[in-house]
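# Tertiary structure, described
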Amino acid sequence: MAIYALANQKGGVGKTTTAVSLAASLAEAGAKTIVVDADPQANATVALGLPKDQEPSLYDVLAGTPAVDALRDTAVPNLRVLPAHSDLAAANVEIPRMESSDYLLRDALASLREEAQFIFLDCPPSIGPLTLNALGAADRVIVPVQAEYFALEGLGSLLETLGLVQKQLNPALAIEGLVITMWDPRTRLSHDVEAEVRKHFPELVFETVIPRNVRLSEAPSYGQPITQYDPRSTGAEAYVHLAEELATRA
C-alpha cells in the first residue's frame, strides 16, 4: 500500500487528470483505490461525479473529522474519493498557525492506509502549505510534465523543492517518476521535450506518455474518468498502460 502525491507547481499540466485516471484504471483492475482532493478548486471531486462543496470534506478532516467518515463512493467500483471544499482555501492560511502544521495531513490520513491499496493526493498548482502537507503525507510523488518548452524550466526548481522536502520534512519520500503529458506526436516540440526529459532524468521518466486528447478534456465535464467516458480513446488506453506500469513498480 502506498500514498502517491501528484505534484507540480505549474497549473494545467495534468495533475488532476492523472490522479483521477490512474485511480480509475487501478480500481477497474480490482485494486481498492482512494483519491484525496487536496485542491480547493475541487476538480478531482467534480471529475469523479461529486458536487463541489461536499461535506464532510478534507477541510473537516484537517479539523479533526475521521478521514474514513469523509470518504464517498464513486460510480467506479473500488474507487472512493475524499472530496475537497472551497473552505480548503482557508487552510493555506490556517495550517501554518497550527501545532505540528507540517504533519496535519499525514496524521489525518494515517487511518486510510488500511482502506486502500493505492491512495492518490491531488495537490494544488503551487508549493504552499497544502502541497507541503501532501508531500509530508506521501510515500512517493508523481510529477506530470507537460510536453511544452516552459515545463523544463520549472522542473528543475520543483525537483530542488522535493529534495528539500526529503531532507527537512519527509526523508522517506521517493520520486516515483515523471509522466510526460499532453504529448502531441505531430509536433517537433513534443518530441524534443520528451527527449530532453529522458536525457536528464533517464531513471525517473515513465515509459508511457499521455497524448493530447480531446476526450481527456471532455471527461471531467461529465463527471466521469476517461476510462468510463471513452474507454477506447487514446487517452484512456494511455492511462491504463500507465497504471499497469505503476502497479509493476508498487
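These remarks concern the structure in this document. (Residues numbered from 1 in each chain as written. Predicted model: local features only at pLDDT ≥ 70, side-chain atom pairs only at ≥ 80, totals over all residues. Heavy atoms only, no water.)

## Considering the nonpolar core
Ranked by size, the top nonpolar core spans 51 residues in total, and within it Val-36, Leu-82, Leu-112 and Leu-121 carry the most contacts. Considering every element that reaches this core, the biggest residue donor is helix α8 (residues 149-168), with six residues. Other than its neighbours up to four places away in sequence, Leu-112 contacts Ile-34, Val-36, Ala-67, Val-68, Leu-71, Leu-82 and Ile-119. By size, the runner-up hydrophobic cluster in this structure holds 35 residues, among which are Val-20, Ala-44, Val-76 and Tyr-229. (Core = buried A, V, L, I, M, F, W, Y, C linked by side-chain atoms within 4.5 Å. Buried < 20%, exposed > 50% of the residue type's maximum accessible area, 1.4 Å probe, protein only. Helix = DSSP H or I, 4+ residues; strand = E, 2+ residues; numbered from the N terminus. Contact = heavy atoms within 4.5 Å.)

## Some words on the pairing of strand β5 (residues 118-122)
Counting buried residues in β5 gives five out of five residues, a clear majority hidden from the surface. Neither face of β5 is left uncovered, since the one carrying Phe-118, Phe-120 and Asp-122 and the one carrying Ile-119 and Leu-121 both have all their residues buried. Across five bridges, the pairing between strand β1 (residues 2-6) and β5 is parallel. Pairing of Leu-6 across the sheet is with Asp-122, part of β5. (Pairing = 2+ DSSP bridges.)

## Overview of the packing of aromatic side chains
Tallying each qualifying case throughout the model produces four aromatic pairs. Judged by centre distance (6.4 Å) and plane angle (5°), the ring pair of Phe-118 and Phe-120 falls under stacked. In this structure Phe-118 comes out as buried when scored by relative accessible area, which is 9%. Relative to Tyr-229, the ring of Tyr-222 has its centre 5.0 Å away and its plane inclined at 25°; by these criteria the two rings are stacked. For Tyr-222, a relative accessible area of 55% corresponds to the exposed category. With a relative accessible area of 17%, Tyr-229 lands in the buried category. Members of the aromatic cluster, each reached through a chain of ring pairs, are Tyr-4, Phe-118 and Phe-120. The lysine or arginine in question, Arg-249, covers the ring of Phe-206, its NZ or CZ lying 4.0 Å from the ring centre. (Phe/Tyr/Trp six-rings, centres within 6.5 Å; stacked < 30°, edge-to-face > 60°. Lys NZ or Arg CZ within 6 Å of the ring centre and 35° of its normal.)

## Structural notes on unusual backbone geometry
Omega for the bond connecting Glu-55 with Pro-56 falls within 30 degrees of zero, at -5°, which places this linkage in the cis form. Within the element layout of this structure, Pro-56 appears in the loop between α2 (43-47) and α3 (58-62). One non-glycine residue, Ala-42, lies in positive phi territory at about 60°. Locating Ala-42 in the fold gives a position in the loop between β2 (33-37) and α2. By relative accessible area, Ala-42 is classed as buried at 3%. The backbone phi angle of Met-182 is positive, close to 55°, even though this residue is not glycine. Mapped onto the elements of the fold, Met-182 is located in the loop between β7 (174-181) and α9 (188-200).

## Re the sheet that holds strand β6 (residues 140-146)
One open sheet accounts for seven strands, arranged β3-β4-β2-β5-β1-β6-β7; its pairing is mixed. Taken across any chain shown, the strands that pair with only one partner, and hence form the sheet edges, are β3 (72-73) and β7. Both β1 and β6 contribute to a ladder of three bridges, which runs parallel. Residue pairing across strands places Ala-5 opposite Val-141, the latter belonging to β6.

## Observations concerning the pattern of salt bridges
All told, the structure shown has twelve salt bridges when counted by the stated rule. Two residues, Asp-107 and Arg-106, come together in a salt bridge whose shortest N-O distance is 3.2 Å. Assessed through its relative accessible area of 48%, Asp-107 is described here as partly exposed. Owing to a relative accessible area of 37%, Arg-106 belongs among the partly exposed residues under this scheme. Among the salt bridges present, the one from Arg-113 reaches Asp-139, with a minimum N-O distance of 3.0 Å. Pair noted here: Arg-113 is in the loop between α6 (104-109) and β5 and Asp-139 is in the loop between α7 (129-137) and β6, with a separation of 26 residues, a long-range link. In this structure Arg-113 comes out as partly exposed when scored by relative accessible area, which is 33%. (Salt bridge = Lys/Arg side-chain N within 4 Å of Asp/Glu carboxyl O.)

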